[in-house]
Amino acid sequence: MSLATGGYVDLRSDTVTQPSPAMRRAMAEAEVGDDWYGDDPTVNRLQDAAAELTGKQAAIYLPTGTLCNQVALHAFARPGRFVVCEASSHVGGTEAASAAALSGIAFRRVPGRPPGMLHAEQVAAALAADVPNVSVADLVTIENTHQRGGGSVMPVASVAAIAAVCAERSVPLYLDGARIFNAAVVAGTTVADYAARVDALMFCVSKGLGAPIGSLLAGDAELIREARRLKILFGAAWRQAGIMAAAGLIALTEGPKRLHEDHATARQLAAGVAEVLPEALDPAEVQTNIVFADVTSTGHDAVDWQQRLAASRVLVTTSHGRVRMLTHVGVMPRDIDAALAAWREVAAGMRATGTGRPAGAGTSRSRGPAGSAGS
């Protein structure tokens, strides 16, 4: 079944999915308790399932992936210390102010080669102590898949090489695995294989797996005990959360089986956009469900394209001057056909009216929902 937001093809994010009929039934019938006290049985089942799936000792269910990251950063890094991350990573960009406000930490951003991809030798250089030993790094983070890297996948061997560097220097390694299931599909491996190389990781059930709410942080028992304390400290202790966790259990079981379909529709989308605007992207670089298109060659900036596409009933976001689109459980091949028809319509309209303008100029009024990329 195709997902429509008021008749729109919604490519803003894989967070826009709506719960399946099976999820809705499970949510309505969920056995619940009070998760503040740790006695919600459905939440506990989801946490146990996440721990077993990742091969970690324990896991905790939290409202968002950002909160999982912030809890982990606070637990691993001391105030006044640094966290090593790739320069365009979510934790070091979108979440950097949160980490500063909640934990008093800063980031040592290392430009990936290509963007999003860190290498072991780069991490080793970033962990080298300065002469007065003031600029100390307490943690290394990696992101897989890497959102701003276009959904790029870090191979298990690369994670293992970085893990070896971290272990040699007694610095923990944390994985922001919001879309780690997508990465595992492309790499032909399991989430547990990735998890075995890191000290802790998080993943979202509310992105490609299709659940309406929530993410899980997994690690050793000591970390998760501290995470439970921080959940309360940060104001995220919820009550009968089993209503949402019930959908998360279905997402964990059913979601990974169909991620290859999202990757296929993303490739279909990328190939079609490249036919309309050959300079916008290389379809061969699309690995998972994220597609970025650089529209600067058209003389119209990404926000203008976003608004014109919305007027043609296709919702996208913008990120650092590019149009960003994500495929998901609610997007069928026919929806991609409709989206590509809109791309062709907008491009033809621009050519016909000769309304090209320098990137960064004022924008037109949108007739549909819009937004900037976040997750």
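Heads up: the structure comes first, above all this text.
Remember, predicted model here, so these are calculated numbers, not experimental data.

Chemist: Could you clarify how one ought to interpret the pairing of strand 4 (residues 82–86) in this entry?
Modeler: Look at any regular strand and the pattern is simple: side chains alternate between the two faces of the sheet. Here strand 4 lies mainly inside the structure; 4 of its 5 residues are buried. Sheet topology note: the strand 4/strand 5 (residues 106–110) ladder contains 5 bridges and is parallel. Directly across from F82, in strand 5, lies its bridge partner A106. In this view, the connection linking strand 4 to its parallel neighbour strand 5 by way of helix 4 (residues 96–103) has right-handed handedness.

Chemist: I would appreciate a short explanation of the packing of helix 7 (residues 180–187) against helix 11 (residues 259–276) in the present structure.
Modeler: When two helices pack together, their arrangement is given by the angle between the helix axes and by the axis-to-axis distance. It is at 10 Å that the axes of helix 7 and helix 11 come closest, and there the two elements cross at 80 degrees. Between helix 7 and helix 11, the angle is such that the two are roughly perpendicular. Residue-level contacts link F181, N182, V185 and V186 of helix 7 to L259, H260 and H263 of helix 11. By residue class, the composition of the contact of helix 7 with helix 11 is 4 nonpolar, 3 polar and no charged.

Chemist: How should the packing of aromatic side chains be read in this particular structure?
Modeler: Each aromatic ring pair is summarised here by two numbers: the centre-to-centre distance and the angle between the ring planes. Applying the stated criterion across every chain yields a total of 4 aromatic pairs. Considering the side-chain rings of W36 and Y37, the 5.1 Å spacing of their centres and the 70 degrees angle between planes classify their relative orientation as edge-to-face. Assessed through its relative accessible area of 38%, W36 is described here as partly exposed. When the centroid spacing of 5.2 Å and the interplanar angle of 80 degrees are considered together, the rings of F181 and F203 count as edge-to-face. Highlighted residues: F181 in helix 7 and F203 in strand 8 (residues 200–204), separated in sequence by 22 residues. Side by side, F181 and F203 carry an identical accessibility label, which is buried. Over the ring of Y8 we find R313; its NZ or CZ atom is 4.4 Å from the centre of that ring. When the ring centre of F292 is taken as reference, the NZ or CZ atom of R322 above it lies at 3.8 Å.

Rules behind the numbers
Residues numbered from 1 in each chain as written. Predicted model: local features only at pLDDT ≥ 70, side-chain atom pairs only at ≥ 80, totals over all residues. Heavy atoms only, no water. Buried < 20%, exposed > 50% of the residue type's maximum accessible area, 1.4 Å probe, protein only. Helix = DSSP H or I, 4+ residues; strand = E, 2+ residues; numbered from the N terminus. Pairing = 2+ DSSP bridges. Right-handed = clockwise from strand over helix to strand, strands pointing away. Axes fitted to C-alpha atoms, helices over the stretch in contact; angles between N-to-C directions. Parallel < 35°, antiparallel > 145°, perpendicular 65-115°, else oblique. Contact = heavy atoms within 4.5 Å. Nonpolar A, V, L, I, M, F, W, Y, C, P; charged D, E, K, R; others polar. Phe/Tyr/Trp six-rings, centres within 6.5 Å; stacked < 30°, edge-to-face > 60°. Lys NZ or Arg CZ within 6 Å of the ring centre and 35° of its normal.

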